[in-house]
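This is what each chain is made of:
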Amino acid sequence: MRTVDLIRRKRDGEELSIEEIAFIVDSYTRGTIPDYQMASFLMAVYFAGMSDKEAEALTLRMLESGETIDLSSVSGIKVDKHSTGGVGDKTSLIAAPLAAAAGAMVPMISGRALGHTGGTLDKLESIPGFRTNLTVDEFRENLRMYSLAFMGQSEQVAPADAKMYALRDVTATIESIALVASSIMSKKLAEGIDSLVLDVKVGSGAFIKRQVDARRLAQMMVGIGRRADKRVQALITDMNQPLGYAIGNALEVMEVSQTLQNAGPTDLTRLSLELAARMIYLGRITMTLDDARELAQRKLLDGSGYKKFKEVITAQGGNAQVLDRFDLLPNATGAREIVCPRPGYISGIDAELIGRAATMIGAGRDTKDDHVDPAVGIILEVKTGQKVDADAVLCRVYYTKDDRLEEAAELVEDAFRISSAPPEDRELILEVVG
Ligand code: URA
């Protein structure tokens, strides 16, 4: 089998066999296919797509590239949640502690910032001392002790995804339904989970821009999960403006802290509660979804989700005091205000532009070897639908280096759309699949 022939056939829209897909995944993971050929293959998939059969074969081979964590020694139904990626999307850090506080077992393997979107691992690592590189034994033990453990992909878990994910990030091959589905599902099936809640983002700040494509992605992932005997549900949710007000790693941890203390933004609180409720329900802690919603709400109001997050931060070596003392988090050295050019209504905040601006000043990565600056980011002062006066502050850009600040500020200015009439309300949760 020659890699170049497989690239050509995929480029020309042919369906590859299970063996051919296995060859590509195995060879790339072993290092016998160079990055330039893999990048070319990924681009061919981006343009030609994959059938359900190919996407499932890709997922299963990526899963088999590493070990499947055996969590059978940990009692209870294990349930996780994963997002396809958004801007300001910190729901994992809220929904997971709420679900764990309600009695669900939550083993969570997360990703890093990708393209213009943030990553749960980078957010967690902005907490001084927090270790995401747990061994599988430590992960299992922490799950047993605290009902919640966070970990990143390692050489042991879905290594094919770790390599492909980093390459896709810098070769403009993220926005592919089959590649997103296989990336997410290979990691999730490697976790030894029983149930999974997916948040499929759609809109300007998501990788998938159209609802019809988001639906296909959701159906593909739910199908792959179900055929692997998992209970899976997907929410399709709006990502046309950033979620909450904070974008950037440490800034988002601050907003997580506020939200877990029931003082967070309405959209973020609402979606986190719904995701937590579905985790609780799929984790069979309650008989009905309505009971699960009530329980999630109670865990928010009585502070037990907040307490759970602190417990887990400490268990993973982090300084949990940061949730009360934001000065202990990495702090930016400068702030630049972006002001409103004219009075009116905010009719849109382009989440992709905001995400790209945040990446530009260091909140994400331009190349796969870049380091993320945990302190930097953007805090919005307004949300879509709000009435604003001329010269009102729209947002603040927090930076530590100013070399790309001007460029980033221009992107941020372009992100805000001002209209003379109020925009129509948009639904946050658009559809449920599964
Ligand atoms: N999240 C992932 O884990 N993989 C993707 O490809 C996109 C979002």
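Residues numbered from 1 in each chain as written. Predicted model: local features only at pLDDT ≥ 70, side-chain atom pairs only at ≥ 80, totals over all residues. Heavy atoms only, no water.

J.: What's the story with the nonpolar core in this structure? I'm lost.
T.: Note that soluble globular proteins tend to have their nonpolar side chains buried in a common cluster. Val106, Phe150, Phe309, Ile354, Ile378, Val412 and Phe416 are the most contacted members of the largest nonpolar core, which totals 84 residues. It is helix H12 (residues 266–282) that contributes the most residues to this core, nine residues altogether. Each of domain 2 (79–323) and domain 3 (330–419) accounts for three or more of the residues forming this core. Once residues lying within four places of it in the same chain are set aside, the contact partners of Phe150 are Leu93, Ala96, Met108, Leu124, Phe130, Thr132, Leu134, Phe139, Phe309, Val312 and Gln316. Membership of the second largest hydrophobic core comes to 61 residues, among which are Leu6, Val25, Tyr28 and Ile69. (Core = buried A, V, L, I, M, F, W, Y, C linked by side-chain atoms within 4.5 Å. Buried < 20%, exposed > 50% of the residue type's maximum accessible area, 1.4 Å probe, protein only. Helix = DSSP H or I, 4+ residues; strand = E, 2+ residues; numbered from the N terminus. Domains from an automatic or database assignment. Contact = heavy atoms within 4.5 Å.)

J.: Hey, could you run me through the pattern of salt bridges in this one?
T.: A side chain with one charge may pair with a side chain of the opposite charge, provided their charged atoms come close. Summed over all chains, the structure comprises 36 salt bridges. A salt bridge links Lys383 to Asp267, with the shortest nitrogen-to-oxygen separation between them at 2.8 Å. Taken together, the positions of Lys383 in the loop between strand S9 (377–380) and strand S10 (387–388) and Asp267 in helix H12 put the pair 116 residues apart, joining distant regions of the chain. Take Asp267: its relative accessible area is 15%, and that puts it in the buried class. Among the charged side chains, a salt-bridge network with shared partners connects Glu274, Arg278, Asp290 and Arg293. (Salt bridge = Lys/Arg side-chain N within 4 Å of Asp/Glu carboxyl O.)

J.: Explanation requested: the sheet that holds strand S7 (residues 334–339) in the structure shown.
T.: Strands belonging to one sheet form pairs held by backbone hydrogen bonds; the direction of such a pair is parallel or antiparallel. The antiparallel open sheet is built from four strands, whose spatial order is S6-S9-S11-S7. A strand with exactly one partner marks an edge of an open sheet, and here the two such strands are strand S6 (246–247) and S7. Taken together, the four bridges between S9 and strand S11 (residues 393–399) define a ladder with antiparallel strand orientation. Looking across to S11, one finds that Ile378 is bridged to Val397. (Pairing = 2+ DSSP bridges.)

J.: Help me out: how do you make sense of the domain arrangement of the chain in this one?
T.: Quoted interface sizes are often the accessible area lost when the parts come together. The domains assigned to the chain are domain 1 (3–49), domain 2 (79–323) and domain 3 (330–419). A separation of 24 Å is found between the C-alpha centroids of domain 2 and domain 3. Taken residue by residue, the interface counts 28 residues in domain 2 and 31 residues in domain 3. Regarding the contact of domain 2 and domain 3, the summed buried area is about 2100 Å², with carbon and sulfur atoms giving 59% of it. Between domain 2 and domain 3 we count three salt bridges in total. Across the pair Asp122 and Arg365 runs a salt bridge, and its minimum N-O distance is 3.0 Å. Scanning the region where domain 2 abuts domain 3 turns up eleven residue pairs in polar contact (both at pLDDT 80 or more). When residues of the side of domain 2 that touches domain 3 are traced back to their parent elements, those giving at least two are helix H8 (159–169), S6 and helix H11 (249–260). (Buried area = accessible area lost by both parts, 1.4 Å probe. Polar contact = N/O pair within 3.5 Å; in protein donor to acceptor, adjacent residues only side chain to side chain.)

J.: I tried to follow empty space enclosed by the protein on my own but got confused; where do I start?
T.: Space left empty within the atom packing is revealed by a probe, the size of a water molecule, rolled over the atoms. For the structure shown, the criterion picks out two cavities of 30 Å³ or more. Within this model, the largest cavity holds a volume of roughly 310 Å³. As for the largest cavity, its lining consists of 29 residues, and the residues nearest its centre are His82, Ser83, Thr84, Gly85 and Tyr165. Where the lining of the largest cavity is concerned, the elements lending two or more residues are strand S1 (79–83), strand S2 (106–110), helix H6 (120–125), H8 and helix H9 (177–189). Per-element accounting of the lining of the largest cavity gives the leading share, five residues, to H9. Residues of the lining of the largest cavity, tallied by class, amount to eight nonpolar, 14 polar and seven charged. (1 Å grid on protein atoms, 1.4 Å probe; cavity = no way out; pocket = protein on both sides within 12 Å on 5 of 7 lines; lining within 4 Å. Points joined across faces, edges and corners; volume = space filled by probe spheres on them. Nonpolar A, V, L, I, M, F, W, Y, C, P; charged D, E, K, R; others polar.)

J.: Mind showing me how you'd approach the sheet that holds S10 here?
T.: Read across the sheet, three strands follow the order S10-S8-S12 without closing on themselves; strand pairing throughout is antiparallel. Each end of this open sheet is capped by a strand with a single partner; those strands are S10 and strand S12 (416–419). Sheet strands in contact with helix H16 (residues 405–415) are strand S8 (344–349) and S12, and its direction is about 35° off that of S12. (Axes fitted to C-alpha atoms, helices over the stretch in contact; angles between N-to-C directions.)

J.: Would you mind going over unusual backbone geometry with me for this structure?
T.: Of all residues except glycine, most have a negative phi; of all peptide bonds, most are trans. Positive phi values are uncommon outside glycine, yet Asn262 reaches one of about 60°. Note that Asn262 resides in the loop between H11 and H12. One non-glycine residue with positive phi stands out, namely Asp391, at about 75°. With respect to the helices and strands, Asp391 occurs in the loop between S10 and S11. The class for Asp391 is exposed, based on a relative accessible area of 59%.

J.: Whenever I open this one, the site of the ligand confuses me. Can you help?
T.: Taken together, His82, Thr84, Leu114, Tyr165, Arg168, Val180, Ser183, Ile184 and Lys187 make up the full set of residues adjacent to the ligand. Here an oxygen atom of the ligand sits 3.2 Å away from a polar atom, N or O, in the side chain of His82. A distance of 2.7 Å is found between a nitrogen atom of the ligand and a side-chain nitrogen or oxygen belonging to Ser183. Calculation on the ligand without its partners gives an accessible area of 240 Å², and the protein chains cover 98% of this total. (Near = heavy atom within 4 Å. Areas by Shrake-Rupley, 256 points an atom, 1.4 Å probe, with all protein chains shown as cover.)

J.: Is there a simple way to explain the side chain of Thr91 in this structure?
T.: Turning to its location among the elements, Thr91 is positioned in the loop between S1 and helix H5 (92–101). Residue classification places Thr91 among the buried positions, given a relative accessible area of 0%. Setting aside chain neighbours within four positions, we find Thr91 in contact with Lys81, Ala96, Asp199, Leu243, Leu268, Leu271, Ser272 and Leu275.

J.: Looking at this structure, I do not really get H11. What am I missing?
T.: At 3.6 residues per turn, the α-helix brings residues three or four places apart onto the same side. For H11, spanning twelve residues, the distance from its first C-alpha to its last is 17 Å, which sits close to the expected 16 Å at 1.5 Å a residue. H11 sits mainly inside the fold: eleven of its twelve residues count as buried. Taken together, the buried positions of H11 are Asn249, Ala250, Leu251, Glu252, Val253, Met254, Glu255, Val256, Ser257, Thr259 and Leu260. Downstream of H11 by one or two residues, Asn262 has phi in the positive range, about 60°. (Expected span 1.5 Å × (residues − 1).)

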